[in-house]
Amino acid sequence: MADVYLSLGANLGERAATLRRAVRDFAALGTVTRVSSLYETEPVGYTDQPNFLNAVVLLETALEPPDLLAGTSAIEQAHGRQRSFANAPRTLDIDILFFGERIIAESNLVVPHPRLAQRAFVLVPLAEIAPELRHPVLSASARDLLAQLSDEDRSGVRRYVGPEWIAQE
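Described in the following lines is the structure provided in the data block. (Residues numbered from 1 in each chain as written. Predicted model: local features only at pLDDT ≥ 70, side-chain atom pairs only at ≥ 80, totals over all residues. Heavy atoms only, no water.)

Here we look at the pattern of salt bridges
Per the stated rule, a full pass over the model turns up 5 salt bridges. A salt bridge links Glu 42 to Arg 158; the shortest N-O distance between them is 3.6 Å. Of this pair, Glu 42 sits in the loop between strand S3 (38-41) and strand S4 (52-61) while Arg 158 sits in strand S8 (residues 157-161); the two residues are 116 residues apart in sequence, bridging distant segments of the chain. Looking at Arg 158, the relative accessible area reads 33%, which means it is partly exposed. Put simply, Asp 151 and Arg 154 hold a salt bridge, and the shortest N to O gap is 2.5 Å. (Salt bridge = Lys/Arg side-chain N within 4 Å of Asp/Glu carboxyl O. Helix = DSSP H or I, 4+ residues; strand = E, 2+ residues; numbered from the N terminus. Buried < 20%, exposed > 50% of the residue type's maximum accessible area, 1.4 Å probe, protein only.)

Remarks on the nonpolar core
In this structure, Leu 6, Leu 19, Phe 26, Leu 38, Leu 68, Ile 96 and Trp 165 are the most contacted members of the largest nonpolar core, which totals 29 residues. Elements with a minimum of two residues in this core: strand S1 (2-10), helix H1 (15-25), S4, helix H2 (65-78) and strand S5 (93-99). Here the element with the most residues in this core is S1; it accounts for 5 residues. What Leu 6 contacts, discounting residues up to four positions off in sequence, is Phe 26, Ala 55, Val 56, Val 57, Leu 59, Leu 68, Thr 72, Ile 94, Asp 95, Ile 96 and Leu 97. By size, the runner-up hydrophobic cluster in this structure holds 23 residues, among which are Val 56, Leu 116, Phe 121 and Val 122. (Core = buried A, V, L, I, M, F, W, Y, C linked by side-chain atoms within 4.5 Å. Contact = heavy atoms within 4.5 Å.)

Quick notes on the environment of Asn 108
Along the chain, Asn 108 falls in the loop between strand S6 (104-105) and strand S7 (110-111). Residue class for Asn 108 comes out exposed when judged on its relative accessible area of 57%. Residues Asn 108 and Ser 73, 35 residues apart in the sequence, show an inter-C-alpha distance of 12 Å.

What to know about H2
Across its 14 residues, H2 extends 20 Å between first and last C-alpha, which sits within 8% of the 20 Å expected from 1.5 Å per residue. Those residues of H2 that sit buried are Pro 65, Leu 68, Leu 69, Gly 71, Thr 72, Ile 75 and Glu 76. Buried residues of H2, viewed axially, fall in a sector of 160°; they line one side. Residues of H2 that are exposed and point more than 90 degrees away from the buried face comprise Pro 66, Gln 77 and Ala 78. Gly 80, located one to two residues past H2, shows a positive phi value of around 85°. (Expected span 1.5 Å × (residues − 1). Arc of directions from axis to C-beta.)

Some words on unusual backbone geometry
What you tend to see is this: most non-glycine residues have negative phi, and most peptide bonds are trans. Following Val 111, the chain continues to Pro 112 via a peptide bond in cis, the omega torsion being -5°. Tracing the backbone shows Pro 112 in the loop between S7 and helix H3 (120-129).

Written out as structure tokens, the structure reads:
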């Protein structure tokens, strides 16, 4: 079994409901043991689009990385994900942030996620549920990585609702 941290985001449709259903869909991949609050965040890269809702979950899984990636991709597609261009608006985005302490560098999967240390929309919810989680390459905790971001970088991330969002319907 591996502890896997997944980042979720959505900025089209019923954002919170989509994220809630996606987390429930993770039952096919393992057991969700922790869920962050939801955060409303400004888009990064392509900015002419609606704000996102983002969260991070901890999933305990027996799957190997390629199988987990296939599973998360299937969940994205089931929720209407279309890949039209980089940083495009999306109904659901799921990224594998960490897969235990593994370092993976494949053509279709890089873990730890290569840009997580620059992304407040990932680090804020990650530090909420796993502040002491250490990045196996950067040798810094989630809390430390978040502290290294500027106030300006963090200002685009606002708590939307606490972890109780997962139980709402």
